[in-house]
Amino acid sequence: MPELPPLSLPETPKLAQNITHFARALRKAGLPIGPGRIVDAVQAVAAAGFTSRRDFYWALHACFVSKPEHRLIFSQVFRLYWRDPRFLEHMMAMLLPAVRGVQEDKPADLGEKRAAEALLDGTQPDPEHIDDEQGTEIEFDASLTMSAAEKLRSLDFEQMSTDEVARAKRVLSQMTLPVQPLHSRRLIAAPGGPRPDWRRTLRAASRQGGEIQDIARAKRRIRWPNLVVICDISGSMSQYSRIILHFLHAVSNAQGAGWAKVHAFTFGTRLTNITRHLAQRDVDAALAAAGTEAQDWEGGTRIGECLHEFNRDWSRRVMGQGAVVLLITDGLDRDDPEALAREMHRLQLSSRRLIWLNPLLRWEGFAPKAQGIRAMLPHVDSFRAGHSIASIEDLARVISNPEDHGEKQRLMALL
Amino acid sequence: MQKPDTIEQVQALLTAQGYVCGRALAVVVFLALRLGRPLFLEGEAGVGKTEIAKALAAGLNRRLIRLQCYEGLDASSAVYEWNFPAQMIAIRTAEAAGAADRGALQAELFSDEFLIERPLLQAMRPDEHGAPVLLIDELDRTDEPFEAFLLEALSDFQVTIPELGTIQAPEPPIVILTSNRTREVHDALKRRCLYHWVDYPDFQREVEILQARAPQASAKLSREVVAFVQALRTEDLFKKPGVAETIDWANCLLALDVIDLSPEVIADTLGAILKYQDDITKLQGSEAKRILDQARASLAPS
């Protein structure tokens, strides 16, 4: 074990206490911080010394932050917490326009809202402080910080309970997308495998006093590809995407159904990663969480922009190991078709297979007339309908068949 | 060499190795050394994550042991392996010599003589100069089972070999882990480490880095090069150029005897800074000139 320098803390360890409170505030803001990290942080501060504010910041940063996206939250909470022990008043000044007075409508910094909520949530104002403030009673309604428009759009999953929809969801939640495994570079013991496994051979031989009875063999282990789903949740797709999300939840929670990992993204006007939410066991809880995370439900669509965001920020993270991509959208996009085509091309290049499910295909005589669809169609490996249970069953049948192009050839001829 | 006692000493030590580092990074490196904890560095490619380990090893006069991660990396190539062919020969020799002592043979077969040490095990071995620097590079390229395997090695600094028992490091190695974030690394591993996100340096620091790494470049050229690269990073590119690319590019320009940036020179050497065809086409034509003008404007004394 590493030798740790002895802690030299003052008699009344206020600093350790403060760090603990600070960690709790961070935890409320959504950073995963366990007690172990707090101990680390106190040790780190003891080691780095408490001389400069900057060193103090980076010492705590090294212990509490473990993801780049947490840096912003950390710096905001740090700023608010360590600036002044009576942070509450600062928060009041920042959040309530009436109290803010002269310094008008400064747009809140990124992360400030989360930091503010974390610091204020459940905090009882210190009675002594209130005396200081001439007994002012402070009321705080955190829900006011969420814009009315976002609230309106955050989704109520309860409303979609017509009989057919419920039954369709039940059927879909039983379905899986079976896929062909890939061959990994790792080896696994296999009688009659193509490679000799010297290590196991020797182990067996040494048990027999050096007598080699037969040569153990190995073959390549198989592994399962990842599935990346990018699902349009804009207004024109809403009825459809809700049901498809039910299906996705089933696929990402089906143990042993083949896929190594299922990553799910939703997009409308912006891209949201909802993978974490889909991992919840209960489908309603999962979709409710996804609904709050993706705040662009039933808004407009900017496919090109969102695919660009995906390609830039996520594709190298989630597609590294030959992922199959399922793109679910109607392709109705009024932005620049060339940019859209470029992003689609990039997406196709980085995926093992790009499958486009388009509910518009359910119409008889569908023709690729919309410019968005015309831009996207050449860059997909397969183009399929996905509006009914039957069509999803078809998808499950052909998803690992590299020869399958769905309706692509037919529609390409119409372009 | 002794570990530094203050944050300033860390900074001086790294600077002496040509690694210009900011205060933030110096603080976490100092903590990693002082607390004996692994240091987990994330950041875009080419911001100098791997270089830190090299600079630290050189500065502390320790051995640098590098474990380059790849998909399918397993314990036998990361920790140890038995030298099977040599064992086989030993068995046959013993047979031919008529040695009958089976126990002695077995003890000999699984001894250090037939053990091939891989980076993790090497890092646990005592070293006359002190514990080595263990660089576990691009951890995001391995798969999760290997990450889980690292947990024991990184928290207790020990590895277990069934035939020999548990080998514990007399002094914990200085561990630096890097990741480009092509995928998320598990929280359990991150929790055992100090974390730092290595960002692109600001203008002043990047000029200092460039002068440390490409000292032949004139001050004027370095400033122009850095201003251009920094302006380029604000563009919407698929892969933004890192510090490594800045240094490469400056060396390219030096090799071509360029003393002054011009759109033509930039067009000829774009391959040194941009590594995606899409990005290069984007910068063709008047775009390079626009960015160059922008960079020059930012350099103008204000």
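Conventions adopted
- Residues numbered from 1 in each chain as written.
- Chains lettered and ligands numbered in written order.
- Predicted model: local features only at pLDDT ≥ 70, side-chain atom pairs only at ≥ 80, totals over all residues.
- Heavy atoms only, no water.
- Helix = DSSP H or I, 4+ residues; strand = E, 2+ residues; numbered from the N terminus.
- Buried < 20%, exposed > 50% of the residue type's maximum accessible area, 1.4 Å probe, protein only.
- Contact = heavy atoms within 4.5 Å.
- Areas by Shrake-Rupley, 256 points an atom, 1.4 Å probe, with all protein chains shown as cover.
- Phe/Tyr/Trp six-rings, centres within 6.5 Å; stacked < 30°, edge-to-face > 60°.
- Buried area = accessible area lost by both parts, 1.4 Å probe.
- Salt bridge = Lys/Arg side-chain N within 4 Å of Asp/Glu carboxyl O.
- Polar contact = N/O pair within 3.5 Å; in protein donor to acceptor, adjacent residues only side chain to side chain.
- Expected span 1.5 Å × (residues − 1).
- UniProt positions renumbered as here; feature names shortened; annotations may be inferred.
- Axes fitted to C-alpha atoms, helices over the stretch in contact; angles between N-to-C directions.
- Parallel < 35°, antiparallel > 145°, perpendicular 65-115°, else oblique.
- Left-handed = near helix turned anticlockwise from the far one by under 90°.
- Nonpolar A, V, L, I, M, F, W, Y, C, P; charged D, E, K, R; others polar.
- Pairing = 2+ DSSP bridges.
- Core = buried A, V, L, I, M, F, W, Y, C linked by side-chain atoms within 4.5 Å.

The name given to chain B in an unreviewed UniProt entry is MoxR family ATPase, and the organism recorded there is Parasedimentitalea marina.

Per an unreviewed UniProt entry, chain A goes by the name VWA domain-containing protein and belongs to Parasedimentitalea marina.

Once that is clear, we can look at the overall build of chain B. Within chain B one finds 15 helices and 9 strands. Sorting the 302 residues of chain B into buried and exposed places 54% on the buried side. Of the contacts formed within chain B by residues at least 6 apart in sequence, a portion of 75% connects residues at least 24 apart. By element, 52% of the accessible surface of chain B is carried by carbon and sulfur atoms, the whole surface being about 12,700 Å².

Let us look at the overall build of chain A. Helix and strand counts for chain A come out as 19 helices and 9 strands. Across the 415 residues of chain A, 46% fall into the buried class. A separation threshold of at least 6 residues defines the contact pool for chain A, and within that pool the share at least 24 residues apart is 76%. Entry remark: accessible area of chain A is about 21,600 Å², with carbon and sulfur atoms responsible for 51%.

Where two aromatic rings form a pair, the distance of their centres and the angle of their planes describe that pair. Residue and element names in this part refer to chain A. Evaluation of the coordinates by the stated rule reveals 18 aromatic pairs over all chains. For the ring pair Y57 and W58, a centre distance of 5.0 Å and an interplane angle of 85° mean the geometry is edge-to-face. As far as the burial class goes, Y57 and W58 line up, both buried. Seen from their ring centres, Y57 and F74 are 5.2 Å apart, and the 70° between their planes marks the pair as edge-to-face. Within this pair, whereas Y57 is found in helix α3 (residues 53-64), its partner F74 is found in helix α4 (residues 70-83), the two being separated by 17 residues in sequence.

A separate point is unusual backbone geometry. Residues and elements named next belong to chain B. Backbone geometry at N61 places phi at a positive 60°, although glycine is not the residue there. Within the secondary structure layout, N61 lies in the loop between α3 (49-60) and β2 (64-68). Positive phi is not limited to glycine here, since E138 has a value of about 55°. A residue is classified by how much of its surface remains accessible, and E138, at 19% relative accessible area, is buried.

In this complex, chain A contributes 47 residues to the contact, which on the side of chain B involves 59 residues. When the buried surface of chain A facing chain B is broken down by residue, A:R186, A:R316 and A:R317 rank first, second and third, together holding 14% of it. Joining chain A to chain B, the criterion identifies 6 salt bridges. Of the charged contacts in the structure, one is a salt bridge between A:R203 and B:E163, with a shortest N-O distance of 2.7 Å. Inspection of the region where chain A meets chain B yields 10 residue pairs in polar contact (both at pLDDT 80 or more). Listing elements by their share of the side of chain A that touches chain B, those giving two or more residues are α2 (35-48), α3, β1 (182-189), α11 (198-207) and α15 (303-318) of chain A. Among the elements that line the side of chain A that touches chain B, the one with the most residues is α3(A), at 7 residues.

Let's shift gears to α15(A). Residues and elements named next belong to chain A. Taking 1.5 Å as the rise per residue, α15 with 16 residues should run 22 Å; its terminal C-alpha atoms sit only 19 Å apart, a clear shortfall. Within the sequence span of α15, burial applies to I303, G304, C306, L307, H308, F310, N311, S315 and V318. In the core, the buried residues of α15 are packed alongside β4 (227-232), β5 (262-267), β6 (271-273), β7 (324-328), α16 (337-350) and α17 (371-376).

Take the UniProt feature "transmembrane region" (unreviewed entry) in chain B next. In this structure's numbering, the residues bearing the UniProt feature "transmembrane region" (unreviewed entry) are residues 12-33 of chain B. For residues 12-33 of chain B, the helix share is 73%, the strand share is 0%, and the end-to-end C-alpha distance is 15 Å.

Residue and element names in this part refer to chain B. Inspection of the entire model under this criterion finds 27 salt bridges over all chains. Put simply, E95 and R92 hold a salt bridge, and the shortest N to O gap is 2.8 Å. Placement of both E95 and R92 in helix α5 (residues 84-97) is noted, with a separation of 3 residues, approximately one turn of the helix. Here the salt bridges do not stand alone but share partners, grouping K220, E224, D260 and R296 into one network.

Further remarks concern the packing of helix α2 (residues 23-35) of chain B against α3(B). Residue and element names in this part refer to chain B. Orientation of α2 relative to α3, taken along the N-to-C sense of each, is 60°, at an axis distance of 13 Å. Between α2 and α3, the crossing angle belongs to the class labelled oblique. Note that α2 runs across α3; the crossing there is right-handed. For the pair formed by α2 and α3, the contact residues are L25, V29 and L33 on the first element and I52, L56 and L60 on the second. When grouped by side-chain class, the residues that make up the contact of α2 with α3 number 6 nonpolar, no polar and no charged.

Residue and element names in this part refer to chain A. Read across the sheet, 6 strands follow the order β6-β5-β4-β7-β8-β9 without closing on themselves; strand pairing throughout is mixed. Strand pairing shows two members of the sheet lacking a second neighbour, β6 and β9 (382-384), which therefore form its edges. Sheet twist, expressed as the average angle between the axes of neighbouring strands with direction ignored, equals 20°. Here 6 bridges tie β4 to β5, and the two strands are oriented parallel to one another. Across the sheet, residue V229 finds its bridge partner in β5, namely A264. Strands β4, β5, β7 and β8 (353-357) of the sheet are contacted by helix α12 (residues 238-253), whose axis makes an angle of about 165° with β4.

Before going further, it helps to examine the side chain of B:T50. Residues and elements named next belong to chain B. Mapped onto the fold, T50 is located in helix α3. Within the structure, T50 has its side chain in polar contact with the side chain of D137 (distance 3.1 Å). Contact partners of T50, with chain neighbours within four places excluded, come to R66, L135, D137 and T178.

On to the pairing of strand β7 (residues 165-168) of chain B, then. All names here are of chain B. When strand β6 (residues 158-161) meets β7, the two strands line up antiparallel, connected through 4 bridges. Bridged to I161 within β7 is G165. The antiparallel pairing of β6 with β7 creates a hairpin that spans 3 residues between the two strands.

All names here are of chain B. Spatial ordering of the open sheet is given by β2-β5-β8-β1-β9, a layout of 5 strands whose pairing is parallel. The sheet is open, and its two borders are formed by β2 and β9 (194-198), each paired with just one other strand. When the angles between neighbouring strand axes are averaged without regard to direction, this sheet yields 20°. Pairing of strand β5 (residues 133-137) with strand β8 (residues 174-179), which is carried by 4 bridges, proceeds in the parallel orientation. Bridge assignment links I136 to a residue of β8, and that residue is L177. Across the sheet, α2 is in contact with β1 (39-43), β8 and β9; its angle to β9 comes to roughly 155°. α3 contacts β1, β2, β5, β8 and β9 of the sheet and is inclined by roughly 165° relative to β8.

Another aspect to go through is the nonpolar core. A:F22, A:L60, A:F64, B:L31 and B:I136 are the most contacted members of the largest nonpolar core, which totals 105 residues. Among the elements that line this core, the one with the most residues is α2(B), at 11 residues. Setting aside anything within four residues of it in sequence, one finds A:F64 in contact with A:I19, A:F22, A:A23, A:L26, A:L31, A:I33, A:R37, A:I38, A:A41 and A:F74. Core analysis: the next-biggest nonpolar cluster, separate from the first, contains 35 residues, B:L237, B:L270, B:I291 and B:L299 among them.

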